[in-house]
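Next come the chains, spelled out residue by residue.
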Amino acid sequence: QVQLVESGGGLVQPGGSLRLSCVASGSIGSVYAMGWYRQAPGKQRELVARITSGGSTNYADSVKGRFTISRDNAKNTVYLQMNSLKPEDTAVYYCSAEGLLLTLRDFISFGQGTQVTVSS
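These numbers were taken from a predicted model, which means no experiment stands behind them.

(A) Expanded view of the state of the cysteines. According to the stated counting rule, one finds one disulfide in the structure shown. Shown here is the disulfide that connects Cys22 with Cys95, its sulfur atoms set 2.0 Å apart. Between Cys22 and Cys95, the disulfide has an S-S torsion of -85° and is therefore left-handed. Of this pair, Cys22 sits in strand β3 (residues 18–26) while Cys95 sits in strand β9 (residues 91–101), and the two are 73 residues apart along the sequence. Residue Cys22 is classed as buried on the basis of its relative accessible area of 0%.

Next up, the structure:
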């Protein structure tokens, strides 16, 4: 079992910044990639950013240049620095992790989500 715990969401004005954090724990052998998804009301969940253990990153076009993903491999922790936030960034943000359990089975897990609201 893998548990992901997010923190850092909240209410921010347009143009403001927030930093999300997520820690993975449990029967983890190795974590290949971690990332962030988001789901706005009435919309499908979408990938925001993803980072591999080697540091390769990919971003949704809508957040390029504004959001930065980073991770601490030793702590199985991933961060999402969000700058120049817009109302359309309002969503529940979910942390994700992909890797191998101690049993050598693959896993993909998601956190419970943290609300980000961008509004004046």
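Here the narrative resumes, following the displayed structure.
(B) View of the pattern of salt bridges. Going through the model one piece at a time under the given rule, you end up with five salt bridges. Salt-bridge contacts for Arg38 lead to Asp89; the nearest nitrogen and oxygen are separated by 3.0 Å. Of this pair, Arg38 sits in strand β4 (residues 28–39) while Asp89 sits in the loop between β8 (77–82) and β9; the two residues are 51 residues apart in sequence, bridging distant segments of the chain. Its relative accessible area of 6% is what places Arg38 among the buried residues. We note a salt bridge from Arg66 to Asp89, for which the minimum N-O separation is 2.7 Å. Linking Arg66 in the loop between β6 (57–59) and β7 (67–72) with Asp89 in the loop between β8 and β9, this pair joins segments that are 23 residues apart in sequence. Accessibility classification places Arg66 together with Asp89 in one group, the buried group. One salt-bridge network, held together by shared partners, links Arg38, Glu46, Arg66 and Asp89.

Thresholds, definitions, all that
- Residues numbered from 1 in each chain as written.
- Predicted model: local features only at pLDDT ≥ 70, side-chain atom pairs only at ≥ 80, totals over all residues.
- Heavy atoms only, no water.
- Disulfide = S-S within 2.5 Å.
- Helix = DSSP H or I, 4+ residues; strand = E, 2+ residues; numbered from the N terminus.
- Buried < 20%, exposed > 50% of the residue type's maximum accessible area, 1.4 Å probe, protein only.
- Salt bridge = Lys/Arg side-chain N within 4 Å of Asp/Glu carboxyl O.

The values are spatial; any link to function lies outside them.
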